[in-house]
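A look at the structure
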Amino acid sequence: MNYVIANWKMQRDFAQAVEFCTQHKERLAALAAHADRELIICPSFPALYTLKQILHNTAVHIGAQTVSSHAAGAYTGQVSAQSLAQVGCSYTLIGHSEQRQHAGSTNQDIALQYEQLVAAGITPILCIGEQYDAYRTGGTHKILQEQLAFLEQYASHDRVFLIAYEPVWAIGTGIVPDHAYLADIFTWLHERIDAPLLYGGSVKPDNAQTIMHIPHVDGLLVGGASLAIDALESICSTKVQ
Ligand code: PGA
């Protein structure tokens, strides 16, 4: 399976998200119609329900960008996994570096979010990745190991999730790690994790093909380039090896 995740972050407001999906419904439907491709659009919370309605008779999936680590209760400002399931989310990002950085998400919070999603029948997309300093000093594997550690408590047959490896220094910067570095990381991940492995960080139409041909890369998590329909189409039609 070839996964393409469009992470719209807070780049599009409700009206813009609705307009985009209404205007490009046929093209999005065509992209998602391939049996070996899963297209997941992650808008901000208010647009989830409406986009699900607009795209209801297509194979496009809708996903949230984060979720509460609690099931219900006095958690002002948070959204439960159950609510996300009810509005039609089939996937949800957890551990995105912008959540780790701006919302103070810890590995412990992320482990709880994972549990909430699985209980609600939503597939977690666990985002992991190192800061530039760790990259520079050879500390990437250690960071990834810490971010992945909580998964060890689950038997492998109970696990349903995707991993998105996103070096923090590649997100929104236009910089993509070199081929040898990514090949090493994806082989390392493949040896440890039995789940689809995605790459994210400055994916564009002109580098998508090269990245998808790195062994064990099963898909792409795309931020900026997923906002334009032409770029999204080009990235989706990247040939898988
Ligand atoms: P980018 O974002 O493609 O704009 O670098 C990726 C992400 O943050 O998921």
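Preceding this paragraph is the structure being described.
The structure presented is a predicted model; accordingly, all values stated were derived computationally and were not measured.

Definitions and limits used
Residues numbered from 1 in each chain as written. Predicted model: local features only at pLDDT ≥ 70, side-chain atom pairs only at ≥ 80, totals over all residues. Heavy atoms only, no water. 1 Å grid on protein atoms, 1.4 Å probe; cavity = no way out; pocket = protein on both sides within 12 Å on 5 of 7 lines; lining within 4 Å. Points joined across faces, edges and corners; volume = space filled by probe spheres on them. Helix = DSSP H or I, 4+ residues; strand = E, 2+ residues; numbered from the N terminus. Nonpolar A, V, L, I, M, F, W, Y, C, P; charged D, E, K, R; others polar. Salt bridge = Lys/Arg side-chain N within 4 Å of Asp/Glu carboxyl O. Pairing = 2+ DSSP bridges. Right-handed = clockwise from strand over helix to strand, strands pointing away.

Turning next to the layout of surface pockets. Counted as a void, the largest pocket has a volume near 280 Å³. Among the elements that take part in the lining of the largest pocket, helix α5 (residues 97-102) stands out by supplying three residues, more than any other. Its residues assigned to classes, the lining of the largest pocket shows four nonpolar, seven polar and two charged. Computed from the structure, the second largest pocket encloses a volume of approximately 230 Å³. In this structure, the second largest pocket is lined by 15 residues; those nearest its centre are T66, V67, Q78, Q99 and Q113. A class-by-class count of the residues in the lining of the second largest pocket yields four nonpolar, 10 polar and one charged.

Our focus in this paragraph is the pattern of salt bridges. Where charged atoms from two side chains of opposite charge come close, those side chains can pair. All told, the structure shown has six salt bridges when counted by the stated rule. When the shortest N-O distance is used, the salt bridge between K9 and E98 registers 2.9 Å. Separated by 89 residues along the polypeptide, K9 in the loop between β1 (2-7) and α1 (14-23) and E98 in helix α5 bring together distant segments of the chain. D133 is the salt-bridge partner of R136, the closest N and O atoms lying 3.3 Å from each other. Of this pair, R136 and D133 both sit in helix α7 (residues 132-136), three residues apart, roughly one helical turn. Each member of the salt-bridge network shares a partner with another, and the members are R27, D230 and E233.

Inspection of the sheet shows strand β2 (residues 37-42) paired to strand β3 (residues 61-64) by two bridges, in the parallel sense. Counted as the bridge partner of I41 is I62 from β3. The handedness of the β2 to β3 crossover, carried by helix α3 (residues 48-54), is right-handed. Bridging between β3 and strand β4 (residues 89-94) involves three bridges; their strand directions are parallel. Each residue of the ladder has a partner; that of I62, found in β4, is C89.

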